[in-house]
Structure formats: C-alpha cells, structure tokens
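Notes for the structure review
Spelled out, the chains give:
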Amino acid sequence: MIRSMFGRLCELLKHCQLRLLLIGVILESCVACSSGQIEPVSCRSDNYTSKYKHCRLALPGGVAGMECFGKFHSQGLITCHWRRGAAREEQAKFTLVIRQKNDQYCKVYKTTEDTLTNIEVFDRNLTVEVLEQIGSKCSKDIVTAHYSNLLRCGPPRRVTFRRHSHGWVDVSTQWSPDDARVITSVCVRHKKVTDHRDNPHRHDDGQWHQTCCQGAAGCHLAGVKGLPVLEVQVACETNDKCSQCPWSHVYTLPPELTSPPLGLHVMENKMADRGGQRIISLTWTFLEGHDGFNVSVAKLSGEPPREVLSVARPPIKLLLSNSAFQVHVSAFTNVSMSPAASITVMPPREDDDSVSDDGGRLSVRVHNQTTFTVLWKDDLVKKYKCFCLEWSATHGPNPPKLFYKSFYEEVINFWTLFNIPERLRAYTSYDVWLHVRDQQQTCNLKQVNNSQEATYAKARFYFREGSPVSAPSNVSVVSVTSTSLELRWSSISQENRRGFLLGYVIHYAEDRQLERNISLGLRVHKYTLEGLRSGVAYRVQVSGFTRGGPGVRSGATLVETRRGGPINLTVLLTISTLVVMTAMLVTPLLRSRAKVVFWPNIPNPERSKSMHKLGAPTQPRVETLKLEECIVERLLVVELRVPPSKCQQSACGHSAAVDEASAASSHGAPLAAPFSGYTSLDVIQQLMMGKEGALTRKTM
C-alpha cells in the first residue's frame, strides 16, 4: 500500500518537472521575442567568407563610424553602433560579424537598425565588422579591441550649470546608477565664444580649458568672470572600470547676469472682507536678457518656510498677513542668476499716539524682563487652535529684530512667554502681534503666500516707563492780541517718550510772577491762552508727561501782548455803515444847492419876453454869462424903469413873485436908456449897488 502511493507520487513529480521545464522554455522564448533580441548564426552556415569578400572598407557613401562598448556591471555583453550609408532607411540592411579566438568563434547578426545591443562575447580579444549591401556595392567598417578597452561610462544623463557673479561656475552632473558607482572623478572643459546673439555666425577661439574634480557629483570652474558666452562639455575621467569616457554634447552658457532688478516697489491693499490680511503687489524692472524671475518670500522673524515663486515678468501679487516679511527678487537664465533686489514689507503703520491698537482687543502684562503674558479679548479658542506671537522693539535697527513663538491652545485666552531670547529694556516700547491660523493638525506654516494666517490684533507695552527726554518740537506763537496768545507745537518723537504719552502742559508766566500751568490732552497740538494783560511780556513753555512724570520743557519763548483795549468790531461796523448811508443821501442835495448858489443862470435881456411885451426897440445884443452847467428853478426878469423906484428891502434879499397888477401898472412906463455895452453880470452888479433903476423879480 505504501509502496504504491510512493510510486504514484514519484510519477506526479516527474510530470511536474516536465511541465515546469516546458514552461521555463516558453517563458525564455517569450522574453527573447519581447526584447527584440536577434539570434546569431554561424559564419559557416551563412557562407560569410564568400558572400562579403568584395566589401570595401571606408567606401564613400557607405557604412562608417562604428563603435562598440560594454559596461563594467554587464560583463560579457557589448553594444555596437554605426553610422548609416547612403541607403534609404527602408532599404538599409546590415550584417554584424563577431570573430573571436582567431576566427575559431564567428557569429553573424542580421538587422535593419544602426545599433545592436546585448552582443555576447567570451574572449578578451575580439573583432567586430559591420557590412552594408546597397545593390552591387558593399561597404564595411571594422573594430578590433580588447574587452577591457570597451568599458564605457557616460556621458551624463543630465548636466546643470550655475554661474555666479564672483567669476565661477558650478557644474552639476547626473549619471546612470551603474555609472555613478564606478566613476571616481569628472572632467569639464570650456571655451569662450566671442559672439552669441547679435551674429548668428558665432565663432570661438578654438582653445579648450579643462578642469577635473573628484567625485561624480560635478565640478567647479573658476576664473571665468567676464566671459560673455561659454561652450562646455562634460565627461568622466577614465579608470580601470571606465576605459571609455566620451564627452557630452556641447552646452552653451549665456552671459552672466551681473545687475539686480531695479526699482523694486511695493503697493499695499488692505482687504476689507478678510481682516488681518492684505494684498501686496510687487513691481520692478530688468534690462538684461533673462528667462524669468524668482521671488523669495519669508517672515522677517525667521519662522520657516522660505517660499520661492517663479514668474515670467512683473508684477506679482502676494496675499500676506500683517506680519513683517523679507522679499528678494532675482532674474535667472538656465545657467545664471542675478544679484537679488531686497525689500522689507513692514506691518501696517499705526498711530504713534495710540496707547493700544485695535480697540484694546490685545493687552500685555509684564512680569519681569524675560516673562510677559499676552491676553486677547475675544474667545478665539472656539474657532482657532493654532496661534503665533511676534514681538520686537518699536524703534531700533531697520529692519527690526523680530522674535516669534507659535503654539497650540484650545482652552484659555492668553499665553505666557517665558525666558524670551532677549531681555526687555526699561523705557523702551515694544510691539506684539497675535496671528491666528486656521489649521488643525500642525501649527507650523505650510506656505507663506496665500497661507491660512491672519493677524488678529497688535498691542504696545513697556517693561518700565519713564518721563520724556525731549520736549515737543516746533513750538511757535501764531497770533497775538492784547489779551490772548495762540500756541502750536508738534508731538514728541516716539523713541524719546520713554512711556505712554498722556498729554501736554503749557507753562506761562509774567516776568517775576508766579507761573501758571494748563494741562491738555494727548491729541491737542494748539491752544489759545486768554485773559492776559495788555502790553505785558509772557514767558511760555510746553512739555509732555507720561505715567513716569513730566518731561523736558521746550525752550522759553518771550511774547508781549499788544497795547490798547480791544476794539468792538460790531460797533465799528455799525458806525461805518451809518456814515456811508448819510453821505449817500445828503451828497446829491448839497451838490444841487451849491450849483444854484454859486453858478446862477442869468438870462439875456435881448431874448427876454418881458422886454418884447414892453415894445422895446431892438437893441444891440447883450452878452450873456456862459456857464457850463446850470439848473434853472426860477426865472428872474430884470427891468429898469423911469422914474426909478427904490427896491424894497424884502424883495432884494430873496426871490418873490410880482403880481399881475404891478406888472400891468408898469407896462406903460418908459424904459430907461438902453444897456448896450454891458453884460448881465454888470447889470446885476449895478443893481446890487443901488445906483441906477429899480429891480423887480418875476418868476416865470
């Protein structure tokens, strides 16, 4: 029973071995087919000697440039590559012949490609021939070598360059893993190209300068400063495992970038809908040829990471918190990078007169010079778990020395900093910012631009306050009256306050009199002293004060008030108005009366109607008194009667009308002798003297 079972098991094993053997043969055949490996045939079966004996070496237009090589890690295998002849690709047929051991071993490979890999060799000395048949013409190329001379390393898979402004070039190389294990040193050669962009027919000086460096990582070229364009090739240095080290293709290095970007400028835009963040727009110019720009952004406090952004051209916009950032901008090509232009983006500037910013949402309690606690007003831990505190002296070096501490908190709304890196100084103001981060897993920043950080609030604090060490600046008297003085001044600089400035004090006094003081608020920068005495000199000074006490006073200013009492402007305006109105009303009447009194209109007796009614003969023309202006209100008729009668006393002093009866009684009286040769003025003068005739007046 046992023997029968054992016999059957042996039969099964035999069948299994046979099946495994068949499977292995099939897999091997499949692998060979999938790899495209060409199976060689014996030279005898191919009748190689008689078939290709007419092929010529170095036939023009034929196959040439064959090279064979192997790898140290792949012993017994070589690869051969050659250059095609004049035949078209679809017509090309090549025969590769491997001869070893004095032609005792000869194999023939048929292919249509110009490269054949994984050629098996077992002897150190070998001869390789490649033949190309084109019609009746046959060309060939031959390589005879020892296997140790066919071990090739390289060329490198990838080469990168970095030109520096100090006149040196970094060359970095990447090799295949097998080559990297056996390469011990790298060689780099370069030469200068005299023209590169303006002239397409560039040329070089024909002299290569070679440098070799230990290791496979790359090499360092020195003494190439000022060379506009370089051509570079890279290869390994030969050794017993790398007998062949072919040069790489030629790399062209463009000119070195020597100037930084110009006019780096920052424009800031606060985001109303996202508190604690802002959009920063960076612009600049660059004159040299370049491929693009690298913009490096990092926190000024040194908190990682440093983020590098690449742009083809300016501007670039960054979404940042209200922290301080350091920005560097450099131009680059494929081998060179320009010096960087740098700018510090500071937090938004706040009012120096504010004791606490952001409505007092943040406060600080100082315990000693190395410990202080920051408290925030809102219950932030309900929304945020990750926070960051940053602090620095308000004034000092530019940029300031900034410190930071990121932490995780989910219970309390304050954080105490112990053993801070730099001790707090007395009489020095410090600013502290609290940033919140909408992160749950880790509180470290993942990126700087467009991060999840926002600034919650800022506060200012002192370890110990003192009194101001300088006075308000620009103290001046802008106006003086007989009873008042108006003063103006500018605030005390922040670095000289040595504490929170609470207000100002005006000190003033008369000469040798008791000084008086007036305290004013923090934001008051002008004040009028009233109730002063007229014509008295006053000494005026201004100072500021903090919790530490009053500060230094400004220099004494002596000002004398004006003499005389104050003028009531209302009364003055009223009197002036009355005078003007009276003059406007009275002046026309006075003017008219003056014309009547001083320049009367005296008629010509020759044209008098009364004279014509009396039937007086035509007399010679009596000259009249010509006036440029006249205003006639009454007409005075002057008649001379015979016998003459004396003028009544009442009629000579003023103008009165003569009634019709008197005119009728005198109608028939004879006239006196004619007044030829006299003017009207002469007649009036004679009548006024009472020498001749009687004077009667009649208003017409």
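You'll find the structure just up there.
Rules used throughout
- Residues numbered from 1 in each chain as written.
- Predicted model: local features only at pLDDT ≥ 70, side-chain atom pairs only at ≥ 80, totals over all residues.
- Heavy atoms only, no water.
- Phe/Tyr/Trp six-rings, centres within 6.5 Å; stacked < 30°, edge-to-face > 60°.
- Helix = DSSP H or I, 4+ residues; strand = E, 2+ residues; numbered from the N terminus.
- Buried < 20%, exposed > 50% of the residue type's maximum accessible area, 1.4 Å probe, protein only.
- Lys NZ or Arg CZ within 6 Å of the ring centre and 35° of its normal.
- Disulfide = S-S within 2.5 Å.
- Contact = heavy atoms within 4.5 Å.
- Patch = residues over 30% accessible without salt bridge, like charges linked within 9 Å, V, L, I, M, F, W, Y side chains within 5 Å.
- Areas by Shrake-Rupley, 256 points an atom, 1.4 Å probe, with all protein chains shown as cover.
- Salt bridge = Lys/Arg side-chain N within 4 Å of Asp/Glu carboxyl O.
- 1 Å grid on protein atoms, 1.4 Å probe; cavity = no way out; pocket = protein on both sides within 12 Å on 5 of 7 lines; lining within 4 Å.
- Points joined across faces, edges and corners; volume = space filled by probe spheres on them.
- Nonpolar A, V, L, I, M, F, W, Y, C, P; charged D, E, K, R; others polar.
- Pairing = 2+ DSSP bridges.
- Axes fitted to C-alpha atoms, helices over the stretch in contact; angles between N-to-C directions.

This part covers the packing of aromatic side chains. Tallied over the entire structure, the rule returns 14 aromatic pairs. Ring plane angle 85 degrees and centroid distance 4.5 Å describe the contact between Y105 and F122, whose orientation is recorded as edge-to-face. Highlighted residues: Y105 in strand β6 (residues 105-111) and F122 in the loop between β7 (115-120) and β8 (125-134), separated in sequence by 17 residues. Judged by its relative accessible area of 23%, Y105 falls in the partly exposed class. A relative accessible area of 48% places F122 in the partly exposed class. Ring-pair connections join several aromatic residues into one group, and the members of that group are F372, W391, F403, Y430 and F461. Across the ring face of W247, the terminal group of R189 is positioned such that the distance to the ring centre comes to 4.3 Å. In this structure, R498 packs its charged tip against the face of Y427, placed 4.3 Å from the ring centre.

Moving on, we come to the state of the cysteines. Throughout this description, disulfide means a covalent bond between two cysteine sulfur atoms. In the structure shown here, the tally under the stated rule is 8 disulfides. C43 shares a disulfide with C106; S-S distance 1.6 Å. What sets the handedness of the C43 and C106 disulfide is the S-S torsion sign, and at about -70 degrees it is left-handed. Of this pair, C43 sits in helix α2 (residues 43-46) while C106 is found in strand β6, placing the two residues 63 residues apart along the sequence. There is no split in this pair, since C43 and C106 are both buried. Here C388 stays unpaired: no disulfide links it, and the sulfur of C443, its closest cysteine neighbor, is 9.5 Å away.

All right, on to the environment of V188 then. By secondary structure assignment, the location of V188 is in strand β12 (residues 185-193). In contact with V188, other than residues within four places in its own chain, are V171, H209, Q210, T211, C219, L221, V232, Q233, V234 and W247.

Further remarks concern a nonpolar patch on the surface. Taken together, the side chains of V411, I412 and F414 make up a nonpolar region of the molecular surface, amounting to roughly 250 Å² of accessible area. If you trace the backbone, V411 turns up in the loop between β27 (403-408) and β28 (414-417). When its relative accessible area of 63% is taken as the criterion, V411 is described as exposed.

Before going further, it helps to spend a moment on empty space enclosed by the protein. As enumerated under the stated definition, the model contains 2 cavities of 30 Å³ or more in all. Taken together, K71, F72, H73, R152, C153, D178, D179, V182 and K241 make up the lining of the second largest cavity. The element that contributes the greatest number of residues to the lining of the second largest cavity is helix α4 (residues 177-182), accounting for 3 residues. Broken down by class, the residue content of the lining of the second largest cavity amounts to 3 nonpolar, 1 polar and 5 charged.

All right, on to unusual backbone geometry then. The step from G154 to P155 runs through a cis peptide bond, and the omega angle for that step is 0 degrees. Tracing the chain through its elements places P155 in the loop between β9 (137-146) and β10 (158-163). P304 connects to P305 through a cis peptide bond whose omega is 5 degrees. Note on placement: P305 falls in the loop between β19 (292-299) and β20 (307-311). Of note in the backbone geometry, N474 takes a positive phi value of approximately 55 degrees without being a glycine. Residue placement: N474 occurs in strand β31 (residues 473-480).

Turning our attention to the sheet that holds β7. Read across the open sheet, the 3 strands follow the order β3-β4-β7; overall the sheet is antiparallel. The strands lining the two open edges of the sheet, one partner per strand, are β3 (64-71) and β7. Each neighbouring strand pair of the sheet contributes to a mean axis angle of 20 degrees, computed without reference to strand direction. Looking at chain direction, strand β4 (residues 74-83) and β7 are connected through 4 bridges and run antiparallel. From the neighbouring strand, I78 faces β7, where its bridge partner is I119.

Quick look at the sheet that holds strand β18 (residues 277-285) now. Strand order in the open sheet made by the 3 strands is β17-β18-β21, with antiparallel pairing throughout. Two strands lie at the open edges of the sheet, namely β17 (262-270) and β21 (316-321), each paired on one side alone. Recorded for the sheet is a direction-independent mean angle of 25 degrees between the axes of neighbouring strands. Across 7 bridges, the pairing between β17 and β18 is antiparallel. If you follow H265 over to β18, its bridge partner there is T283.

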